[in-house]
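Coordinate analysis (summary)
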Amino acid sequence: MRKFRIIPIAIFSLVSVFGLKSCTDDILQEETRGVFTPEFFTTELGVQGGLTYLYQNMRNVFGFAYYLNLTETGTDEYVAAQSANNNFFDLDLAGQGNLSSESGFSVSVVWGNSFPAINTASGIIENAEAVGLDNSLIGEARFFRAFNYFLLVQNYGGVPLDLGSGELAFNSSAVRTSTRNTVPEVYTKAILPDLERAVADLPDNPRLTGAVTKNVARLFLSKAYLTYAWWLENPNNIPTYPEAPRTDPDGNDPSYYYQRAYDLAVEGIENPGPYRLLDCFYDVHVATNDRHAEMMLYADRTEESQLYNGADLGYSGPEGSANTAVWMVTSNYTTISVDGVAAVQREAAQSYGRPWTRMAPPIGVLTETFAEKELDSRYDATFVTSYRGNWDKGGSPEPTLTAANGMEIAPGDAVISFLDEHNDNVVYVNGANIGGGELPGRSDYVINPDEINRRFYPGLWKLGTYRTDNGGGLGSPNGALTRPFPIAKYSEFYFLAAEAAVKGATGSYSAYDLINVIRARAGKWCYDNGEQEERIEDNSAAMIAATPDVIDIDFILAERSREYFGEGYRWYDLVRTQKWNELAGSYMIGGNDATDHTPTVTTRNIEPYHYLRPIPRGQLDNLDVSQAEKDTYQNPGYQ
């Protein structure tokens with residue numbers, strides 16, 4: 001089976017108030033090279049072009065730097081870092097910004113990209129019969145229509161099903177009015193029916209590498225059932241919009257949907273198709289192993305062609321379809337200096353890349369979420385815990401440098417490391433010009449895990465830069481990443497079934513059984529990323545022994561964070577379970593200066609209305625309705 005490659009198509013499929021660019025607050029000034037019309041979809045070329053667009057469009061969201069901000073900043077996984085601007089302060093809700101319809105790139109990325117994809121999918125579905133389209137291809141279109149509506153409803157609440165030509169109908173005319181449907185209507189008319197049909201019609205194996213399958217649809221249907229069940233239950237009385245009773249139009253209660261979520265997830269586990277859990281967590285994220293059997297859905301990129309990559313391979317900005325998300329969570333390690341030499345330089349390698357220092361993990365991530373670092377391999381295979389010298393690749397001739405305690409280090413040795421646990425013997429000496437401390441007998445400078453700050457902190461290794469064309473040097477660390485950005489993994493079936501079981505669903509496996517499959521895998525080491533050496537070790541039994549007998553939702557959420565940290569899951573998880581304020585209402589971290597290792601507590605102002613994002617200003621400005629109607633269209637609490 002040949003490798004699936006997504007061909008960029010510069011076509012907007014919806015000429016209406018919904019066709020907003022994802023990275024601007026302005027109304028779209030269309031510069032289309034073509035338009036998807038009903039006639040276009042009656043040809044085989046049109047259908048194939050439309051399907052390709054649906055895959056390509058994922059790159060405008062997943063890997064987009066400000067989407068990671070939308071889904072991570074303001075949670076217990078990330079806070080605003082030293083170089084943050086208002087895009088990040090607004091989402092952090094910590095008093096330095098103001099989340100509103102004008103909060104820029106982050107609040108518009110989902111809105112601006114989902115509706116064109118929805119309309120394209122509707123065009124394919126409506127016109128498929130004319131070209132004799134196989135049901136499996138129609139199933140792909142149905143999947144993407146549901147996938148994008150699911151994104152929208154989680155972010156904004158109820159959204160329009162009628163884009164100008166009727167509910168779920170393809171629209172090709174300019175429309176400057178809009179009516180939002182309720183959350184139950186979006187689920188029961190669009191998301192659930194489309195995904196149910198997709199499960200029935202999609203094949204077990206992908207038609208091309210990276211294409212959606214029956215089990216991909218199962219995963220998202222299970223997640224939609226689970227999310228809708230939580231919405232119906234509404235344990236903390238979070239408001240919704242447009243206002244609607246928390247009742248299901250078909251008369252089903254939350255327990256019905258929790259059970260459906262469980263059943264679908266178990267079905268996915270027992271009918272894996274081409275997917276499986278990899279043996280080691282490290283293998284899930286090491287860049288040399290991308291596009292593996294655990295990765296079910298991803299926004300693909302390539303270093304083989306700048307055209308097909310959709311972003312510059314040499315020097316990119318954090319916009320458009322470029323994969324630059326990890327830049328935002330990378331501290332500026334390039335200021336590390338030893339003996340007057342820039343000891344750690346930008347390199348197109350997984351631990352390095354381009355440092356923008358916009359988002360930092362709070363101290364609780366290192367001390368609570370990943371408290372167990374010796375048995376559990378996930379901390380080591382998530383973060384950059386040691387920055388190693390690469391000055392030789394940058395052309396500096398020094399064979400060694402004098403580092404901590406007057407000891408020599410060579411290229412490849414650790415220059416500065418984050419300790420697994422607090423050590424009282426650390427003496428901070430501003431080592432490496434990055435606030436490092438010394439420990440007797442160590443040549444690398446060190447920082448305690450409970451003394452990180454907004455200026456210097458562990459980078460996100462799992463999503464890091466990777467290129468094969470470095471030629472033994474630093475390569476092109478400022479170009480957009482050419483790795484696929486993960487969207488869905490086979491492992492999530494276990495989490496979805498476990499969460500549904502915690503909420504009362506029953507079946508062959510308990511939440512304890514399901515979570516321990518994940519924890520057992522986490523105990524298997526095949527490589528020590530921090531020490532950069534092979535480590536063959538199986539701590540599965542110890543990991544299982546440490547699992548509490550009774551699994552609750554807090555434990556599920558903690559495990560989800562350990563498994564999917566920094567991948568864009570967290571805000572959705574906290575909002576779905578209505579645990580956002582409880583788990584992320586405050587955080588601790590040091591200051592903006594690299595030498596500031598004194599933790600301070602920051603309190604967030606998370607209000608119930610924040611559980612929905614604001615409708616972007618560009619959408620409101622483009623509506624040809626009265627100001628009162630625009631105000632009604634906006635989610636309450638926002639301007």
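Structure shown above.
No experiment lies behind these values; they were computed from the predicted model shown.

On a plain count of helices and strands, the protein comes out with 20 helices and 19 strands. Here the C-alpha coordinates of the protein stretch approximately 75 × 55 × 55 Å along the principal axes. Within the protein, buried positions represent 63% of all 639 residues. Of the contacts formed within the protein by residues at least 6 apart in sequence, a portion of 74% connects residues at least 24 apart. When the accessible area of the protein is evaluated, it comes to approximately 21800 Å², of which 46% is carbon and sulfur surface.

Attention shifts here to the nonpolar core. Core analysis: the largest hydrophobic core is formed by 183 residues, its most contacted members being Phe143, Tyr149, Phe220 and Ile336. Excluding residues within four positions of it along the chain, Phe143 makes contact with Leu195, Ala198, Val212, Val216, Ala217, Phe220 and Leu297.

So, about empty space enclosed by the protein. Under the definition given, this model contains five cavities of 30 Å³ or more. Lining the largest cavity are 20 residues, and of these Val153, Gln154, Trp231, Val575 and Tyr611 sit closest to its centre. At the level of secondary structure, the elements contributing two or more residues to the lining of the largest cavity comprise helix H5 (135-156), helix H6 (183-201), helix H7 (214-233) and helix H17 (570-576). For the lining of the largest cavity, a count of residues per class yields twelve nonpolar, six polar and two charged. Estimated volume of the second largest cavity: approximately 240 Å³. With four residues, H5 is the largest single contributor of residues to the lining of the second largest cavity. Classifying every residue of the lining of the second largest cavity by side-chain character gives twelve nonpolar, two polar and three charged.

It is at 8 Å that the axes of H5 and H6 come closest, and there the two elements cross at 150 degrees. Of the possible angle classes, the one that applies to H5 and H6 is roughly antiparallel. Crossing geometry of H5 relative to H6 is assigned as left-handed. Contacts between H5 and H6 involve Asn135, Ser136, Gly139, Arg142, Phe143, Arg145, Ala146, Tyr149, Phe150 and Val153 from the former and Val183, Val186, Tyr187, Ala190, Ile191, Asp194, Leu195, Arg197, Ala198 and Asp201 from the latter. Broken down by class, the residue content of the contact of H5 with H6 amounts to twelve nonpolar, three polar and five charged.

Tracing the sequence through the fold places Gln259 in helix H8 (residues 254-270). Separated by 111 residues in the primary sequence, Gln259 and Phe370 place their C-alpha atoms 31 Å from one another. Discounting residues that sit within four places of it in the chain, Gln259 has contacts with Ala505 and Thr506.

The next subject is the pairing of strand S11 (residues 427-431). As defined by bridge partners, S11 adjoins strand S12 (residues 436-438) across three bridges and the pair is classed as antiparallel. Paired with Val427 across the two strands is Glu438, which belongs to S12. Counted between consecutive antiparallel strands, the loop separating S11 from S12 contains four residues, among which Ala432 sits at a positive phi close to 65 degrees.

Turning next to the pairing of strand S18 (residues 586-589). The two faces of S18 differ: Tyr587 and Ile589 on one face are buried, but Ser586 and Met588 on the other face are not. Looking at chain direction, S18 and strand S19 (residues 600-603) are connected through four bridges and run antiparallel. Within S19, the position partnered with Met588 by the bridge is Val601.

Here Tyr78 is to be found in the loop between helix H2 (65-72) and strand S1 (79-80). Given a relative accessible area of 0%, Tyr78 falls into the buried group. The spacing of Tyr78 and Ala322 is 244 residues in sequence and 21 Å in space, taken between C-alpha atoms.

Summed over the entire model, instances satisfying the criterion amount to 44 aromatic pairs. Look at Tyr66 and Phe88: their rings are 5.7 Å apart centre to centre, the planes differ by 40 degrees, and that puts the pair in the tilted class. Here Tyr66 is found in helix H2, whereas its partner Phe88 is found in helix H3 (residues 86-92), with 22 residues between them in sequence. Like Phe88, Tyr66 is buried. Cation over ring: Arg354 sits above Trp327, and NZ or CZ is 4.7 Å from the ring centre. Seen from the ring of Trp525, Arg535 lies directly overhead, with NZ or CZ sitting 3.6 Å from the centre.

Let us now look at the side chain of Ser386. Tracing the backbone through its elements, the reader meets Ser386 in strand S7 (residues 386-388). Given a relative accessible area of 9%, Ser386 falls into the buried group. Within the structure, the side chain of Ser386 is placed 3.3 Å from the side chain of Arg388, a separation counted as a polar contact. A polar contact is formed between the side chain of Ser386 and the backbone oxygen of Gly530, at a distance of 3.0 Å.

A word on helix H14 (residues 511-522). The periodicity of an α-helix, 3.6 residues per turn, causes residues three or four places apart in sequence to face the same way. Across its twelve residues, H14 extends 17 Å between first and last C-alpha, which sits within 8% of the 16 Å expected from 1.5 Å per residue. The buried fraction of H14 amounts to nine of the twelve residues, a majority that puts the element mostly inside the structure. Three or more residues of H14 are buried, namely Ala511, Leu514, Ile515, Asn516, Ile518, Arg519, Ala520, Arg521 and Ala522. Lining the buried residues of H14 we find H8, helix H9 (281-285), helix H13 (492-502), strand S16 (524-528), helix H15 (540-545) and helix H16 (553-564).

Opposite charge on two side chains makes pairing possible when the charged atoms of those side chains draw close. If you walk through the whole model with that rule in mind, you get 37 salt bridges. Its salt-bridge partner being Arg535, residue Asp528 comes within 3.2 Å of it at the nearest N-O pair. In this pair, the class of Asp528 matches that of Arg535, namely buried. The shortest N-O distance in the salt bridge between Asp573 and Arg560 comes to 2.9 Å. Taken as a pair, Asp573 in helix H17 and Arg560 in helix H16 lie far apart in primary sequence, 13 residues in all.

What follows concerns unusual backbone geometry. At the junction of Tyr241 and Pro242, the peptide bond is cis and its omega measures out at -10 degrees in the coordinates. As for its placement among the helices and strands, Pro242 is situated in the loop between H7 and H8. At Leu93, a residue that is not glycine, the phi angle is positive and equals roughly 55 degrees. One non-glycine residue, Asp339, adopts positive backbone phi at about 55 degrees. Relative to the elements of secondary structure, Asp339 occurs in the loop between strand S3 (337-338) and strand S4 (341-342). Classification of Asp339 by relative accessible area gives exposed; the value is 53%.

Quick notes on the rules
Residues numbered from 1 in each chain as written. Predicted model: local features only at pLDDT ≥ 70, side-chain atom pairs only at ≥ 80, totals over all residues. Heavy atoms only, no water. Helix = DSSP H or I, 4+ residues; strand = E, 2+ residues; numbered from the N terminus. Buried < 20%, exposed > 50% of the residue type's maximum accessible area, 1.4 Å probe, protein only. Contact = heavy atoms within 4.5 Å. Areas by Shrake-Rupley, 256 points an atom, 1.4 Å probe, with all protein chains shown as cover. Core = buried A, V, L, I, M, F, W, Y, C linked by side-chain atoms within 4.5 Å. 1 Å grid on protein atoms, 1.4 Å probe; cavity = no way out; pocket = protein on both sides within 12 Å on 5 of 7 lines; lining within 4 Å. Points joined across faces, edges and corners; volume = space filled by probe spheres on them. Nonpolar A, V, L, I, M, F, W, Y, C, P; charged D, E, K, R; others polar. Axes fitted to C-alpha atoms, helices over the stretch in contact; angles between N-to-C directions. Parallel < 35°, antiparallel > 145°, perpendicular 65-115°, else oblique. Left-handed = near helix turned anticlockwise from the far one by under 90°. Pairing = 2+ DSSP bridges. Phe/Tyr/Trp six-rings, centres within 6.5 Å; stacked < 30°, edge-to-face > 60°. Lys NZ or Arg CZ within 6 Å of the ring centre and 35° of its normal. Polar contact = N/O pair within 3.5 Å; in protein donor to acceptor, adjacent residues only side chain to side chain. Expected span 1.5 Å × (residues − 1). Salt bridge = Lys/Arg side-chain N within 4 Å of Asp/Glu carboxyl O.

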